[in-house]
Every structure is written in structure tokens, then in C-alpha cells.
Amino acid sequence: MGKMLTPLTITNRIDQANAEDGRIPADQVRSVTLDRVLVDTGATTLCLPAAIIATLGLKLLKSVDVATANGFSQARIFQDARINLLGREGTFECLELPGGRDPLLGVIPLEALGIELDLQRQTLKVLPEASMDTYLSIL
């Protein structure tokens, strides 16, 4: 199958809200653009190394147990990571990766943004938001 990599912009949502309300200048909103984020269907959520989380100034939400290839371990979850992927935006929690590992984009943000993997073409596909073909549903 190969690796699927995508560019991803991540912004501190609290900074963004503070700039929108005039509490801080727009140029003080912390944001990073990563050129090669691995799209990982084995990961649940957005996963970032500690250095990127620190650069963004994200706030700690909680510590959790996580299942990894090496067994169970403790991990920290941070909040208010606003991502922009293929023109779609959403705010998500992110899990701190140990040891500076490469960023991962898991299935929850992909599904919430209406983006799916096209495995044959090794690309991401933006699903429709409007009409009868919308990916959004309330059942």
C-alpha cells in the first residue's frame, strides 16, 4: 500500500480566538505548517511530537493509557489544535508522541472533516458537504 503523506497546518485555537476578539495581534497566533504528515488509519487522532506541541503552546487536557505496538503506556492529550487540511478546518485534541516521532493524522479528524483515503490513487479525497451526497448525517 505505501505511505500516504499530506501537508497539514495546525494552529492554536485559543490564540486564534484571542486574535479574533482583539486580545492579541494576529501575528502572535501560533501556527505551524508541516509538509509531510503521515496519514495513519491505525491512529485514532492527531498525534504530534512534544516540540511541536510546545511551539503551538497547546494546553494539557489529561493523561491517558494508550495501546501501542510495544504494549500499553501513558500519554498526554492536549487540546485546541485547529487543523486545516485540503480546505477543511476543525479543532481536535492531540496526543503527544514520545521521542520526537513523526506527526500522524488519525481517523477521527479525517472523518470529522469529511476526508477519506483513496488507496488506489494514494491520495486523500474530499467528500461532498452539500446536496444528497453529503458525508454529514443525523440518524
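Cut-off values and rules
Residues numbered from 1 in each chain as written. Predicted model: local features only at pLDDT ≥ 70, side-chain atom pairs only at ≥ 80, totals over all residues. Heavy atoms only, no water. pLDDT = per-residue confidence, 0-100. Helix = DSSP H or I, 4+ residues; strand = E, 2+ residues; numbered from the N terminus. Polar contact = N/O pair within 3.5 Å; in protein donor to acceptor, adjacent residues only side chain to side chain. Buried < 20%, exposed > 50% of the residue type's maximum accessible area, 1.4 Å probe, protein only. Pairing = 2+ DSSP bridges.

What follows covers the confidence of the model for the protein. A residue-level look at the protein finds 92% of positions with pLDDT of 70 or above and a mean pLDDT of 90. Averaged pLDDT values over the elements of the protein bottom out at 89 in strand S4 (residues 59–68) and peak at 98 in helix H1 (residues 13–20).

Further remarks concern H1. Among the residues of H1, the N-terminal cap falls to asparagine 12, whose side-chain oxygen and the backbone nitrogen of isoleucine 14 are separated by 2.9 Å. Directly after H1, the chain includes glycine 22, whose backbone phi takes a positive value near 80°.

Let us look at unusual backbone geometry. For leucine 86, which is not glycine, the phi dihedral falls at a positive 55°. By the secondary structure assignment, leucine 86 is in the loop between strand S5 (71–85) and strand S6 (88–97). The exposure class of leucine 86 is partly exposed, given its relative accessible area of 45%. A positive phi angle is found at glutamine 122, which is not glycine, with a value near 55°. Counting through the fold element by element, glutamine 122 comes out in the loop between strand S8 (115–118) and strand S9 (123–126). Overall, glutamine 122 belongs to the partly exposed group, its relative accessible area being 28%.

The side chains of a regular strand alternate, first on one face of the sheet and then on the other. Sheet analysis places strand S1 (residues 5–12) next to S5, joined by four bridges and oriented antiparallel. Residue threonine 11 lies in a different strand from S5, and its bridge partner there is arginine 82. Note: S4 against S5, nine bridges, orientation antiparallel. From the neighbouring strand, threonine 68 faces S5, where its bridge partner is glycine 71. Taking the residues between adjacent antiparallel strands as the criterion, S4 and S5 are bridged by two residues. In this sheet, S6 lies alongside S5 in antiparallel orientation, the contact comprising seven bridges. Note on S6: the bridge partner recorded for isoleucine 77 is leucine 95. Connecting S5 to the antiparallel partner S6 that follows it, the hairpin turn spans two residues, and leucine 86 within it adopts a positive phi of roughly 55°.

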